[in-house]
Amino acid sequence: MKIITSANNSYIKDLIKLKQKKYRDINKLYLVEGYNILEEAKEYVKTILVSDKEDIEKYKKFNAEIILVSEEIIKKLANTQTPQGVIGVCKYKDPKEVNGKVVMLDGVQDPGNIGTIIRTSIAFGYDTVIMSEDCVDIYNDKVIRATQGAIFKTNVLRCDLKDAIRKLKDDGYYVVGTSLRNAILLNDLDIRVNNIKDKHVLVLGSEGQGMSEDILGITDVNVFIPISKEMESLNVGVASGIMMYYLNN
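Residues numbered from 1 in each chain as written. Predicted model: local features only at pLDDT ≥ 70, side-chain atom pairs only at ≥ 80, totals over all residues. Heavy atoms only, no water.

## Things to note about the overall build of the protein
Keep this limit in mind: Under the scheme used here, helices are H or I runs from DSSP no shorter than 4 residues and strands are E runs no shorter than 2 residues, and both carry numbers assigned from the N terminus. Only protein chains enter the calculation, and the probe is 1.4 Å; a residue is then buried if its accessible area is under 20% of its type maximum, exposed if over 50%, and partly exposed in between. Contacts were defined at the residue level, with two residues in contact if any of their heavy atoms lie within 4.5 Å. Accessibility throughout is a Shrake-Rupley quantity obtained with a 1.4 Å probe, and a residue counts as covered only by protein chains that appear here. Counting rule applied: Lys, Arg positive; Asp, Glu negative; His and chain ends not counted. The atom standing in for a charge is NZ when the residue is Lys, CZ when it is Arg, CG when it is Asp and CD when it is Glu.
On a plain count of helices and strands, the protein comes out with nine helices and twelve strands. With the principal axes as the frame, the protein shows a C-alpha extent of 60 × 40 × 30 Å. Residue burial in the protein is summarised as follows: out of 249 residues, 49% are buried. Considering only contacts within the protein whose residues lie at least 6 apart along the sequence, 78% involve residues at least 24 apart. For the protein, the accessible surface area stands at approximately 13000 Å², while carbon and sulfur atoms represent 45% of it. Averaging the coordinates of the 34 positive side-chain charges in the protein and doing the same for the 35 negative ones gives two points 4 Å apart.

What follows is the structure, given as structure tokens:
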């Protein structure tokens, strides 16, 4: 078993670079923290770095290289204030063919909202989450923690949304956008039309700007959730749950 004690080790320095999106994309690798996340990510784990020798035995069930490292190294690699003594190096997930219901995110930046939306999408049977290029990086450590492992249970793609919408429409998908302007009440959307319930795309916009105008212009319908006049809008994570529940019932 390999042992590394210095944070100046060249391999450790390369792993520290994975905190930056640029190096994650180059190497197709990212870091995760803690036993529970490792359990969820087990099919993607390439290497496990452990600081406590007594914990090594429980990580042998993973099909991964195990390296004993110093606590200093764990602290250098971790993003939390009190790391759990284990860091996993994981491979990027290979995107799968889009199948079933789809959630599409247009410029959503908050990791907590991304986590909520991904967990909610799994709860309501959405097979794929498609993110625009300007969404927060899905392999950002805050996003991974916010999803609570749900990221490893769904198909996540990042691409040009206009191209994706056109292809999905050609495949028979009905595209539902969200907007406070030039839209109908969610309650007025008949989910029986065009088989919406079984084959649809729900598009959600960014926290501050909502959906971009060019995406709003190519949806099949745009809807909004009726709320009290005392509130201007709902958090996108909350809105996603209401929309998904309605479209599935």
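## Overview of the pairing of strand E12 (residues 221-224)
On a regular strand, each side chain points to the face opposite its neighbour's, so the side chains alternate between the two faces of the sheet. To be explicit about the condition: Strand pairing follows a simple DSSP-based rule, namely that at least 2 bridges must link the two strands.
Where strand E9 (residues 174-178) meets E12, three bridges bridge the pair, whose relative direction is parallel. Across the sheet, the residue bridging to Thr-178 is Val-223, located in E12. Note: strand E10 (residues 184-185) against E12, two bridges, orientation parallel. Looking across to E12, one finds that Ile-184 is bridged to Val-223.

## Observations regarding the pairing of strand E3 (residues 45-50)
Most of E3 sits out of view: five of its six residues are buried. Two strands pair when backbone bridges link them, and E3 and strand E5 (residues 86-91) are joined in this way by five bridges, in the antiparallel orientation. Of the residues in E5, the one forming a bridge with Val-45 is Cys-90. Here four bridges tie E3 to strand E4 (residues 65-69), and the two strands are oriented parallel to one another. Looking across to E4, one finds that Val-50 is bridged to Leu-68.

## So, the pattern of salt bridges
For clarity, the cut-off: Just to be clear on terms, a salt bridge is a Lys or Arg side-chain nitrogen sitting within 4 Å of an Asp or Glu carboxyl oxygen.
Applying the stated rule across the entire model yields 13 salt bridges. Taking the shortest distance from any N to any O, the salt bridge between Glu-40 and Lys-153 comes out at 3.8 Å. Within this pair, whereas Glu-40 is found in helix H3 (residues 35-40), its partner Lys-153 is found in the loop between helix H6 (141-147) and strand E8 (155-158), the two being separated by 113 residues in sequence. A relative accessible area of 33% means that Glu-40 is categorised as partly exposed.

Purely geometric numbers; function is a separate question.
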